[in-house]
Each structure stands twice: as structure tokens, then as C-alpha cells.
Number of protein chains: 2
Amino acid sequence: MAVMPRISAVDRRAQLLDAAWRVLLAEGIGGATTRAICAEAGMPQGAFHYCFSSRDQLLTEVAAVMLPRELSAATQAISRGGTLVDTVHRTLLAYWELVEAEPRVHQVIYEITALALRDPALSTPTRARYAGDPTAVAAVLEQIAEVRGIVWDRQVPVLAAQIVAVLDGLTLQYLVGGDPGAAREALLACAQDVAGRGRRVRRVAPALVGAAR
Amino acid sequence: MAVMPRISAVDRRAQLLDAAWRVLLAEGIGGATTRAICAEAGMPQGAFHYCFSSRDQLLTEVAAVMLPRELSAATQAISRGGTLVDTVHRTLLAYWELVEAEPRVHQVIYEITALALRDPALSTPTRARYAGDPTAVAAVLEQIAEVRGIVWDRQVPVLAAQIVAVLDGLTLQYLVGGDPGAAREALLACAQDVAGRGRRVRRVAPALVGAAR
DNA sequence: GTCTATAGGAAGATAGAC
DNA sequence: GTCTATCTTCCTATAGAC
């Protein structure tokens, strides 16, 4: 067995956070023991508590870093072309492709969420995520409205809550059932429903104002 | 310490399943150890493996019994009065009231679901639930269509998947955020969307015309 | 057939060596 | 300041007593 080189605690922290994420993806929360994480990081288990005061603290930090990454890619996918349905649909799909590309990431998010409901230490980053997602989606909706010259005829936070719920629910269905086709159909249907709530307000041509209603 | 009375294995099984459910509700999956369950059932831990071959087996049986109970109450709430939106809304609310009344039950369902994604033994009852819910919802939709004399202008399985996703997602949001108001608003919005997919095909009796739509 | 003492292992954490 | 041998605890499961 090789002799352990002396490594600063801050470096070890980074290595452990990295290793923890890999273990979480591969083994889930149940498998993310301090021993497994240290093994993945190539260091003895005892080193763990030199960097983190507890397993809980590490999980909390992992959650704080990883949970917010989820939506960022999807919220940049707003495009101008096509119908309103297309625009909404493409935005939803941008998120969905993240789910299909990395289902494990979302699986871990659910595991962390479930754990956070029992463990006060984890609840802060989790609550932040569940408060942040609807807010981010609401921002996207506002952006779409701005770009397309429409208003939503439903309270935007309610619309956002609905969308987040559908995405979360479909993700869960997909993780359990593994049928991406069903999810994509539901996603299109959702896009149609959402687009159905858009009302034109910006003048395109005077003649259209009356027809738009 | 009291002497243990001799009890048949089948009776102990029932007691353990009962106790397991209570422990699951109170402590979650993580706290549902064989020891905790036996303590709750008032029997020594060693008795456990006389009735179940493993902790996994007990959890599987609990899941098989408990998961299907969830929707049954909600699917009996179809009423005829009011608009189509009202009918759909009341049906969704019937389910939602179960969530608000017993959030812990749904929390445990998510925990079992998350565990099942890692543990093949638990996947059977869980998959059954995730396949069964959309089917049950689809049946309710067919029933509503029949009662109201409409057809859905979207594939019923897709509509059902959407509804189940919204309910699952809102439940998760509610468990994390604890805001029933937000969920109820989103539920009403969902009911409006669903009702928007109903197309009248049968002429309703004159007396009902005023009340309908 | 019913029950229990005990094995056997893995977890998180720490005291103290270098 | 960096690292590791060891402690305590709590788990599931079994071998064998009644």
C-alpha cells in the first residue's frame, strides 16, 4: 500500500466533494458512506473527519452545489421562431433532454429530497431548490411573454408551479417506468396547455387587435 | 421483563406489518430497522426473522399492500353537477385532500419509490403503482366523458399521464414547501386545462343544458 | 413450532500518533 | 498541520435453546 502524500485539507475537501458526487450517482444515498466516498477519492476513511465534521455536512454541501445546476441549461433555450406552442415546447424539451441524458442525476436529487424531509440539516438547500425552480420557470415565462409580445392570462407563479409539477412528476414516472415516449407526449400536451394561456397584447397590425382577444 | 407469550407466526407477521407501517410513517424508511419495528410491535428483535426472511421482504410486502390504497378513494368522487371544470376539479381535489390529510403517507411512498429504484426487490410493487395510477386516472377520465357526454380531444393515456405527473409533482412541492394554497391553485388551473380538452358529442337533456358548461 | 442469545459486520466518529 | 488506529454503536441475520 502506497504511503499517503500529505495533502492540504482544502484540497482533500474538493476531492471528497467530487468523489461523493460520483458515489452518489453510482450507488445512491444509501451507498454514499464515508468509507465508500473516501475509497472513491483514494484516501483512508479516517481522513474524512479531518475535512468534514460529519457525513451530513458533506451531503449538505453537495446538495447546495448540485441542486441549483439543474435548471440553468434549460432556461437558456428560449428561441423566437415558430408558434408559441413551439417556443414553450422547445423550452420544456431543453429541460427534458437533461433528464434523459442524466437520469441518475435526477434520481439522486429525489433521494436527497426524500432525505431532507427527515433531516433538518439537508432541508435548507432542498427547500431552496423547490422554491428556486418555480421562480426560475416564472422568469422564463416572463421572458417568453416579452419576446412573443403576449401576456399570460393566468397568474405566472401558478403557471410556473404547474409546469414544475409536471416536469417533476414526469421525471419520476420516467425514472420508474423508463418510457421516454410517454413523457415526451405529455410534455407536448403540457406545452399546448401552457401556450393556450398566452394572449397577444402587442400590436402586430391594427387589424389583429380585435381578433386576438 | 415480561415473558413472551407464544404467538403463531402468522399472527406475528400481521403485527409486524402493522408495526412496520407505523414506524415508516413516524421515522421513515431509514428508521424502519428490524429493531425499531419489533420494538413497536412489542416483541424481541430476534422474532423478526422467524416471520420474514429479510427486512427487504417485509418492506416489499408493506409496499404491495399500501401503495395501491392511495387512489381508490379519489376515483369514487365523480359527480354530475356543475360545469365540466367543476367535475374535473372535484375529482382532483378528492385526491388532493388525501395528500393534505396524510402527507406522511405520501412521504413514505416517495421514500419507497426512491429505494425501489436501487433495490430490485422493491421495484415490482413500485412499478405496479406507477403503471396503475395512470391507468386508474384514465378510467376516471373515461367515466367522466361518459357521464358528461363528451369525448377528450387528446389521447386519454397522455392526458392521464399529465394529470398523474401534476399530482405527483404538486405532492412533492407540498411536502417540501408545505404551502397547500399554491398547490390548490395549480390544481384548479390543471382542472381548467383538462376540461378544456373535453368536446361535447352527445346532446344533453334540456333540463341539464343550463347547468352544464 | 416458537423464541432468544449471540455472531458478524459495517457504520460514523475520535483521540492521539506523526 | 496532517494522518490513522481504534472505539462505540447499531445493524441484520442465524444457530441453537426451549
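From a predicted model like this one, the values you see are computed outputs, not experimental measurements.

Thoughts on the overall build of chain A
Along the backbone of chain A there are 11 helices and 2 strands. When the helices and strands of chain A are placed in sequence order, the string is α-α-α-α-α-α-α-α-β-α-α-β-α. Radius of gyration (C-alpha) of chain A: 22 Å, far over the 17 Å computed for a compact globule of 213 residues. The principal-axis extent of the C-alpha atoms belonging to chain A is close to 80 × 35 × 30 Å. A total of 213 residues make up chain A; the buried ones form 48% of that total. Taking the contacts inside chain A whose residues are at least 6 apart along the sequence as the reference set, 68% of them involve residues at least 24 apart. Taken together, the 22 basic and 21 acidic charged side chains of chain A have centroids lying 5 Å from each other.

Digging into the protein's contact with DNA strand D
Taken together, 17 residues surround DNA strand D, and among them P5(A), R6(A), T34(B), R35(B) and H49(B) come closest. The side chain of T34(B) places a nitrogen or oxygen atom 2.5 Å from a phosphate oxygen of DNA strand D. Its residues placed into classes, the surface near DNA strand D shows 6 nonpolar, 7 polar and 4 charged.

Details of the relation of the copies chain B and chain A
For the match of chain B to chain A, the screw axis carries a shift of 0.0 Å, the RMSD comes to 0.1 Å, and the turn is 180 degrees. Viewed as a symmetry operation, the transformation between the two copies matches a two-fold axis. Interface overlap between copies: 100% of the residues of chain B at the interface are likewise at the interface in chain A, consistent with a symmetric, same-surface contact.

Some remarks on helix α8 (residues 120-148) of chain B
The periodicity of an α-helix, 3.6 residues per turn, causes residues three or four places apart in sequence to face the same way. All names here are of chain B. Spanning 29 residues, α8 covers 43 Å between terminal C-alpha atoms, matching the ideal 42 Å at 1.5 Å per step. Residue D119 occupies the N-cap position of α8, its side-chain oxygen lying 2.9 Å from the main-chain nitrogen of A121. Phi turns positive one or two residues past the end of α8, at G149, with a value near 70 degrees.

Some points on the domain arrangement of chain A
Size of an interface, as often reported, equals the accessible area lost when the parts are brought together. Residues and elements named next belong to chain A. The domain architecture assigned to chain A consists of domain 1 (9-55) and domain 2 (64-200). Computed over C-alpha atoms, the centres of domain 1 and domain 2 are 30 Å apart. Listed per partner, the contact involves 6 residues of domain 1 and 7 residues of domain 2. Together, the buried faces of domain 1 and domain 2 total about 690 Å²; carbon and sulfur atoms form 82% of this surface. Interface area lost by domain 1 to domain 2 is led by W21, L25 and I29, which between them contribute 78%. At the boundary of domain 1 and domain 2, one finds 0 salt bridges. Run the count over domain 1 and domain 2 and you get 1 residue pair in polar contact (both at pLDDT 80 or more). Across the side of domain 1 that touches domain 2, the residue classes tally to 5 nonpolar, 1 polar and no charged.

Structural notes on the nonpolar core
Residues L141(A), W152(A), L141(B) and W152(B) are the most contacted members of the largest nonpolar core, which totals 70 residues. Non-local contacts of L141(B), meaning those with residues more than four positions away in its chain, are made with W152(B), V156(B), L159(B), A160(B), I163(B) and V194(B). With 28 residues, the next largest nonpolar core counts L16(A), M43(A), F48(A) and L58(A) among its residues.

A short note on the pattern of salt bridges
Throughout the structure, instances matching the rule amount to 22 salt bridges over all chains. R154(B) is the partner of D193(A) in a salt bridge, and the nearest nitrogen-oxygen pair spans 3.2 Å. Of the two residues, D193(A) sits in helix α10 (residues 180-195) while R154(B) sits in the loop between β1 (150-152) and α9 (156-177), which places them in two different chains. Its relative accessible area of 9% is what places D193(A) among the buried residues. Overall, the relative accessible area of 10% leaves R154(B) in the buried class. Bridged by salt links that share partners, the residues D18(A), R22(A) and E40(A) form one connected network.

Focus: the confidence of the model for chain A
Predicted coordinates in areas of low pLDDT are best not read in detail. This prediction gives chain A a mean pLDDT of 89; 91% of its residues lie at or above 70. Note that pLDDT drops below 50 for residues 205-213 of chain A; the model gives that stretch 3 contacts with residues more than four away or on any other chain.

Here we look at the interface of chain B and chain A
Facing the 39 residues of chain B at the interface are 40 residues of chain A. When chain B packs against chain A, close to 3,200 Å² is buried across both sides, 58% of that on carbon and sulfur atoms. Linking chain B to chain A there are 6 salt bridges. The salt bridge involving D193(A) is made with R197(B); its shortest N-O contact spans 3.3 Å. Where chain B meets chain A, there are 18 residue pairs in polar contact (both at pLDDT 80 or more). Within the residue set of the side of chain B that touches chain A, elements represented by two or more residues are α1 (9-27), α7 (103-116), α8, α9 and α10 (180-195) of chain B. If you tally residues by element for the side of chain B that touches chain A, the top one is α9(B), at 13 residues. When the residues that make up the side of chain B that touches chain A are grouped by side-chain class, the tally is 20 nonpolar, 9 polar and 10 charged.

Examining the packing of helix α7 (residues 103-116) of chain A against helix α9 (residues 156-177) of chain A
All names here are of chain A. Put simply, α7 and α9 touch, their axes get as near as 10 Å, and they point 110 degrees apart. By the angle between their axes, α7 is roughly perpendicular relative to α9. Where α7 crosses over α9, the handedness of that crossing is left-handed. Each of P103, H106, Q107 and Y110 in α7 lies in contact with α9, whose residues at this interface are D168, T171, L172, Y174 and L175. Looking at the contact of α7 with α9, its residues break down into 5 nonpolar, 3 polar and 1 charged.

The rules behind each value
- Residues numbered from 1 in each chain as written.
- Chains lettered and ligands numbered in written order.
- Predicted model: local features only at pLDDT ≥ 70, side-chain atom pairs only at ≥ 80, totals over all residues.
- Heavy atoms only, no water.
- Helix = DSSP H or I, 4+ residues; strand = E, 2+ residues; numbered from the N terminus.
- Rg over C-alpha atoms; globule rule 2.2 N^0.38 Å.
- Buried < 20%, exposed > 50% of the residue type's maximum accessible area, 1.4 Å probe, protein only.
- Contact = heavy atoms within 4.5 Å.
- Lys, Arg positive; Asp, Glu negative; His and termini not counted.
- Charge placed at Lys NZ, Arg CZ, Asp CG, Glu CD.
- Near = heavy atom within 4 Å.
- Polar contact = N/O pair within 3.5 Å; in protein donor to acceptor, adjacent residues only side chain to side chain.
- Nonpolar A, V, L, I, M, F, W, Y, C, P; charged D, E, K, R; others polar.
- Least-squares fit on C-alpha atoms with pLDDT ≥ 70 in both.
- Expected span 1.5 Å × (residues − 1).
- Domains from an automatic or database assignment.
- Buried area = accessible area lost by both parts, 1.4 Å probe.
- Salt bridge = Lys/Arg side-chain N within 4 Å of Asp/Glu carboxyl O.
- Core = buried A, V, L, I, M, F, W, Y, C linked by side-chain atoms within 4.5 Å.
- pLDDT = per-residue confidence, 0-100.
- Axes fitted to C-alpha atoms, helices over the stretch in contact; angles between N-to-C directions.
- Parallel < 35°, antiparallel > 145°, perpendicular 65-115°, else oblique.
- Left-handed = near helix turned anticlockwise from the far one by under 90°.

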